[in-house]
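The chain contents come next:
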Amino acid sequence: MPGSEWGTATEQRFNVNLSILFTELPLLERPAAAAAAGFTAVELWWPWVDSPTPERSELDALKKAIEDAGVQLTGLNFYAGQLPGPDRGALSIPGAESERFRANIDVAADFARSLGCKALNALYGNRVEGVEAAEQDALALENLVLAARAADRVGAILLIETLNQPESPLYPLVSAPAGVAVVDRVNEATGLGNARFLMDLYHLSMNGEDLPSVIERYAAKTGHVQIADNPGRGAPGTGTLPLEDLLGRLRKAGYEGWVGLEYKPGDRPSAEAFDWLPAEARAAR
C-alpha cells in the first residue's frame, strides 16, 4: 500500500510494538531504532519471558533506554509466559503460572507508572487439560480484578485481548464478544470501570469476524487497537485487509486512542517495514 493511500494517517496516533518489530536488535537498542524511524511512541510485551520479577538493574536499563530514545511507552503487557512461544498468558492457569502473574502485577504497574504508561495488557491464558473451564475463569476473574486495581493505582487502564482460533486454538477469547464479556465482568467486579477491550484487527479478521460491525458495536469499550495485515501478519498493504478504511471507521465511532503496529517486518530490516506510512504521520500528535 503506497503511502499516498494513507493520506488520513496524520489523524491517527501510531506506536510501534518493540516485541515484534526491531527484534533483530537487542531489547535496549530498539527504542532508539523506533525513534530513528520517526516514531515517538512504543509498546512492549513483557520483555522478560522467564521472569515476572526481573532484577531492578534490568528494569532500570530498559527505562533508561526508553527515556534516552525520547519515546513514550504507551502500552505494556503483564507477564504472559513464553510469548512468543507456546503460551498465551498466565492469569487463568492454576498453580505456578498464576502465582507468577500475581508476583508480576505490581512490578509491571510500577514500571508503567515510572514511564507514564497508561495501558497494561493482561493476556488471559490457554485452556489447561484436566482443569474445568469454570475453575480457570474464576481464577482469571480474581487475577484480573487484582490487575485492574493495580492499573487504577498507577492511573492506567487494563486491557483484555481477543486472539485468533487458528493460531491460538487453546485460548478461550477468540471473538470480540468473548473479550468484551470479560471486560464487563471485571468492571462489574471492581466498580472501577478501567477495564477495556484491546481490539486487534488482525486477530479478529483471522476469526472471520465482521470488522465494521465489531467497530460499531465495541469502539466505545475499546482502550487500544492493534493492526497487522491478513494474510501473513505483515505490514499494511502486504495482505488484503482494508486497514485505512477500518481505522477511519474507528475514528468516526469516536476512538481517539493509540493504534499499535504489531506486525512482522518480513524478510527485511524492521526499519524498512514502514514505507506504507508517510514520515510525517509517524510522530504522535
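Preceding this paragraph is the structure being described.
Residues numbered from 1 in each chain as written. Predicted model: local features only at pLDDT ≥ 70, side-chain atom pairs only at ≥ 80, totals over all residues. Heavy atoms only, no water.

What follows concerns the packing of helix 2 (residues 56–69) against helix 3 (residues 96–114). Orientation of helix 2 relative to helix 3, taken along the N-to-C sense of each, is 30°, at an axis distance of 11 Å. Comparing the axis directions of helix 2 and helix 3 gives the class roughly parallel. Along this stretch, helix 2 crosses helix 3, giving a crossing that reads as right-handed. In this structure, helix 2 uses Leu59, Leu62, Lys63 and Glu67 to contact helix 3, whose residues at the interface are Val107, Phe111 and Ser114. A per-class count over the contact of helix 2 with helix 3 returns 4 nonpolar, 1 polar and 2 charged. (Axes fitted to C-alpha atoms, helices over the stretch in contact; angles between N-to-C directions. Helix = DSSP H or I, 4+ residues; strand = E, 2+ residues; numbered from the N terminus. Parallel < 35°, antiparallel > 145°, perpendicular 65-115°, else oblique. Left-handed = near helix turned anticlockwise from the far one by under 90°. Contact = heavy atoms within 4.5 Å. Nonpolar A, V, L, I, M, F, W, Y, C, P; charged D, E, K, R; others polar.)

Before going further, it helps to spend a moment on the pattern of salt bridges. Overall, the coordinates contain 14 salt bridges when judged by the stated rule. One salt bridge in this structure joins Asp106 and Arg153, with 3.0 Å as the shortest N-O distance. Of this pair, Asp106 sits in helix 3 while Arg153 is found in helix 4 (residues 133–153), placing the two residues 47 residues apart along the sequence. Among the residues examined, Asp106 registers a relative accessible area of 43% and is labelled partly exposed. A salt bridge links Arg113 to Asp110; its shortest N-O distance comes to 3.4 Å. Taken together, the residues Arg113 and Asp110, both in helix 3 and 3 residues apart, mark about one turn of the helix. The class for Arg113 is partly exposed, based on a relative accessible area of 46%. (Salt bridge = Lys/Arg side-chain N within 4 Å of Asp/Glu carboxyl O. Buried < 20%, exposed > 50% of the residue type's maximum accessible area, 1.4 Å probe, protein only.)

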